[in-house]
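# Coordinate analysis (summary)
Here are the chains, one letter per residue:
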Amino acid sequence: MDISKGAKIVAKNWLKIKNEEKFLIITDEAHVEEAMCLKEEGAKLGALAVVMIVPEHCPQLGHLFDDMIDLFSNNDVIVGATNYSLITTNAVKEAIKNGKRYLSMPLSSNDGKSVLTADFMNMDTEIAKDRALRLISYLDKVDDVRVTSKNGTNMTFRKHNRKASYFNGVAENPGDFASSSFEVYFAMEEDKTNGTVILDGSFGYIGAVEEPTKLTFENGKLVFIEETEDGKKLKEYMKHFNDEGIYVAGEFGIGLNEKAKCIGRSYIEDESAYGTFHIGMGRNLALGGVHDAKGHFDLVFEKPNIYAGDTLIIKEGEIIV
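Think of each chain on its own: its residues are numbered from 1, step by step along the sequence as written. Given that this is a predicted model, residues contribute local features only at a pLDDT of at least 70 and side-chain atom pairs are listed and counted only at 80 or more, while totals for whole chains, interfaces and linings are drawn from all residues. Hydrogens and water molecules were not included; the side-chain quantities draw on all heavy atoms of the structure.

## Focus: unusual backbone geometry
At N219, a position not held by glycine, the phi torsion is positive, near 50 degrees. In DSSP terms, a helix is any run of H or I states spanning at least four residues, a strand is any run of E spanning at least two, and both are numbered starting from the N terminus. Examined against the element boundaries, N219 turns out to sit in the loop between β12 (213-218) and β13 (221-225). Backbone geometry places N242, a non-glycine residue, at a positive phi of 55 degrees. Here N242 shows up in the loop between α7 (229-239) and β14 (249-255).

Below, the structure written as structure tokens:
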């Protein structure tokens with residue numbers, strides 16, 4: 001698939017761009033080609049499309065955009081097509097509240113190929129929605145979620161008064177926000193995550209995990225990272241935020257996209273992959289949480305057993321409800 005086909009999926013099928021809508025594409029210097037394709041596909045549908053380019057070497061643009069809420073409010077549809085996700089920012093939260101549509105489409109990749117050319121872009125949005133609603137029907141009945149795995153994971157998450165939701169790419173109505181990550185998610189209570197998890201999928205923007213690495217959480221915070229080579233990479237990556245808030249577990253997610261593979265090619269594909277779950281570290285403001293931090297990134301884990309209360313809803317990565 002070429003870039004233009006991926007851009008068409010986004011503009012026509014996901015955003016359902018309408019005639020004369022104001023369409024803002026925020027991108028960085030590394031992804032101008034993708035942004036221009038999105039602009040072109042939006043224009044074909046009658047949108048007044050504009051591309052805004054921001055600096056490439058800015059790991060987390062969230063706080064920059066929190067100062068640009070007025071810019072967001074002057075557009076009907078906004079796409080964050082930068083290396084990094086902006087979906088957890090206050091600016092996005094305010095835009096959604098004011099009836100704007102927002103799509104988070106992080107374009108960071110580790111193989112030099114555009115995310116818009118990836119096969120996972122072709123996932124059926126209705127199948128993902130059906131899977132999501134089945135899982136949410138169980139998750140929203142309980143306060144506690146537990147995850148285990150054959151390799152030693154044993155974690156508990158609490159979500160009292162927190163609702164689960166989902167992303168399947170689609171943001172067609174005023175106030176909708178979406179992500180190119182196809183997933184069920186909720187913002188867990190920020191001080192209630194406890195246990196041990198074996199990191200064996202990928203770690204955010206860094207790429208695939210080569211050696212399973214033990215992580216320990218206490219009262220919502222990551223307090224131990226095993227001294228494997230991957231563990232050392234993760235420690236260095238988290239240090240560069242220079243923010244203790246990045247060590248807080250803010251989001252719980254379950255991948256829904258059967259066309260995605262967790263192989264470290266791109267973080268948005270990794271966390272979407274069917275058969276995985278992820279823990280989003282750091283900021284969770286637009287996801288239903290109250291925690292702010294200088295960034296947000298996801299740790300992805302393979303083949304979990306997931307319990308909603310006492311009910312097993314996912315067995316070794318397979319949805320069984």
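Now that the structure has been shown, the text picks up again.
## Things to note about the layout of surface pockets
The gaps of empty space that remain are located by a probe, the size of a water molecule, rolled over the atoms. Two kinds of site are reported from a 1 Å grid over the protein atoms alone, namely cavities, where a 1.4 Å probe fits but cannot get out, and pockets, open sets with protein on both sides within 12 Å along at least five of seven lines, and residues are called lining when an atom falls within 4 Å of a point. Grid points are joined across faces, edges and corners, and a volume is the space filled by probe spheres set on the points. Taken as a whole, the largest pocket holds about 260 Å³ of empty space. Residue lining of the largest pocket: 16 residues in total, with K129, Y166, N168, V170 and D176 positioned closest to the centre. Taken together, the elements giving at least two residues each to the lining of the largest pocket come down to α6 (125-139), β7 (165-167) and β8 (177-179). Lys, Arg, Asp and Glu make up the charged group, whereas Ala, Val, Leu, Ile, Met, Phe, Trp, Tyr, Cys and Pro make up the nonpolar group; the residues left over, Gly among them, are polar. Here the lining of the largest pocket is built from residues that sort into six nonpolar, five polar and five charged.

## Some points on the environment of N284
Within the element layout of this structure, N284 appears in the loop between β15 (276-282) and β16 (296-302). Among the residues examined, N284 registers a relative accessible area of 0% and is labelled buried. In the structure, N284 is positioned 96 residues away from M188 in sequence and 9.2 Å away in space, judged by C-alpha atoms. Among the polar contacts listed, one links the side chain of N284 to the backbone oxygen of G250, at a separation of 3.0 Å. We define a polar contact as two N or O atoms separated by no more than 3.5 Å, with the added condition that, inside protein, one atom must be a possible hydrogen donor and the other a possible acceptor, whereas residues neighbouring each other in sequence contribute only through side-chain atom pairs. Polar contacts involving the side chain of N284 include one to the main-chain amide nitrogen of H291, which spans 2.9 Å. With a 1.4 Å probe rolled over the protein chains alone, any residue whose accessible area is under 20% of its type maximum counts as buried; one over 50% counts as exposed, and the rest are partly exposed.

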